[in-house]
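Summary of structural features
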Amino acid sequence: MYEKRAKLAQVDPVWNRIIAEAEQAVADEPLLGGLLHSSILHHASIENALAYRISLKLASGEMSEQLIREICDVAYGADPSLALSARADIVAVFDRDPACHRFLQPLMFFKGFQAIQAYRVAHWLWVNGRKDMAYFFQMRISESFGVDIHPAARIGKGIMIDHAHSIVIGETAVVGDNVSLLHSVTLGGTGKEDEDRHPKIGDGVLIGAGAKVLGNITIGHCSRVAAGSVVLHDVPPKTTVAGVPAKVVGEAGCDTPSVLMDQSLTGCSDC
């Protein structure tokens, strides 16, 4: 395991690019030098930088930055998939968000990316039996970022949460790989049932701003949910749904709606 991590540290294009961008940013804006050095340039790996950024954001009078950072360091040391998912998330944001011009930006400035990385640590705590600490992380993520993700929810990699305000993801929700969510999306339940009660989102799905997906339903892979829709029933793969309640209005329009981010009902422009 140590040898594998050492090789990864030597060949880590995402982290190497972030370092180069941080050095250029310091040259361009010296007043950010202290922030960029403490957040990026003083760290030997993306794992260390993520632990620092998460601890800085979640610390409060109830728990110190040092304690949160120690928890994150243990999580990243125990589960390499956490940082691998973070790398995939950075690339996803860069590829899909036209406001993102550097790999540096999600790590430093985008609360959607930061919230999902903090959730990943909370989920690690949850599956390792540290549920009270996971709940504490959930509380602080909600307070700090306006994003409320239950630590038991299962979320894949290559996730882009754009703007990220008022995102809610329930306890038994499952989100696949390469999914894009816009602000004010809810993946919620429909009542007080206490079992599997939240949506299952397939790979490559695009969910528009303000959409509500409710209940133990399945959104098929590579589908689109239009902004403002309320989805109460299963959605077939590679389709577009819209309305209140949502109905199928056509095909998804392309093979990768979550990547192309085309939200028009006429289909993806590149297909």
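Now for a look at the structure at hand. Values in this document were obtained by computation on a predicted structure and should not be read as measured data.

**Structural notes on the sheet that holds strand E2 (residues 154–155)**
Across the sheet, four strands lie side by side as E2-E5-E8-E11; this open sheet has parallel pairing. The outermost strands of the open sheet, each flanked by one partner alone, are E2 and strand E11 (218–219).

**Observations regarding the pattern of salt bridges**
Enumeration over the complete set of coordinates arrives at eight salt bridges. Among the salt bridges present, the one from aspartate 196 reaches lysine 200, with a minimum N-O distance of 2.7 Å. Within the structure, one salt-bridge network assembled from shared partners comprises Asp12, Glu47 and Arg87.

**Considering the packing of aromatic side chains**
Working definition: an aromatic ring pair is given by the centre-to-centre distance plus the angle between the planes. One pass over the structure, following the stated rule, counts two aromatic pairs. Positioned above the aromatic ring of phenylalanine 94 is the side chain of arginine 17, whose terminal nitrogen or guanidinium carbon lies 4.7 Å from the ring centre. One cation-aromatic arrangement involves arginine 17 over phenylalanine 103; the distance from NZ or CZ to the ring centre is 4.1 Å.

**Things to note about the pairing of strand E15 (residues 247–251)**
Within E15, only zero of the five residues are buried, which leaves the element largely exposed. Of the pairings in the sheet, the one linking strand E14 (residues 239–242) to E15 comprises four bridges and is antiparallel in character. If you follow threonine 240 over to E15, its bridge partner there is glycine 250. Hairpin connection of E14 to E15: four residues between the antiparallel strands, including glycine 243 at a positive phi of 110 degrees.

**Observations regarding the nonpolar core**
Ile18, Ile40, Phe137 and Ile207 are the most contacted members of the largest nonpolar core, which has 72 residues in total. For this core, the element with the highest residue contribution is helix H8 (residues 111–127), accounting for 10 residues. Isoleucine 40 has contacts with Trp15, Ile18, Ile19, Ala22, Leu104, Leu107 and Met108, leaving out every residue within four places of it along the chain. Counting seven residues, the second largest nonpolar core, distinct from the first, contains Met160, Leu182, Leu206 and Ala209.

Conventions and cut-offs
Residues numbered from 1 in each chain as written. Predicted model: local features only at pLDDT ≥ 70, side-chain atom pairs only at ≥ 80, totals over all residues. Heavy atoms only, no water. Pairing = 2+ DSSP bridges. Helix = DSSP H or I, 4+ residues; strand = E, 2+ residues; numbered from the N terminus. Salt bridge = Lys/Arg side-chain N within 4 Å of Asp/Glu carboxyl O. Phe/Tyr/Trp six-rings, centres within 6.5 Å; stacked < 30°, edge-to-face > 60°. Lys NZ or Arg CZ within 6 Å of the ring centre and 35° of its normal. Buried < 20%, exposed > 50% of the residue type's maximum accessible area, 1.4 Å probe, protein only. Core = buried A, V, L, I, M, F, W, Y, C linked by side-chain atoms within 4.5 Å. Contact = heavy atoms within 4.5 Å.

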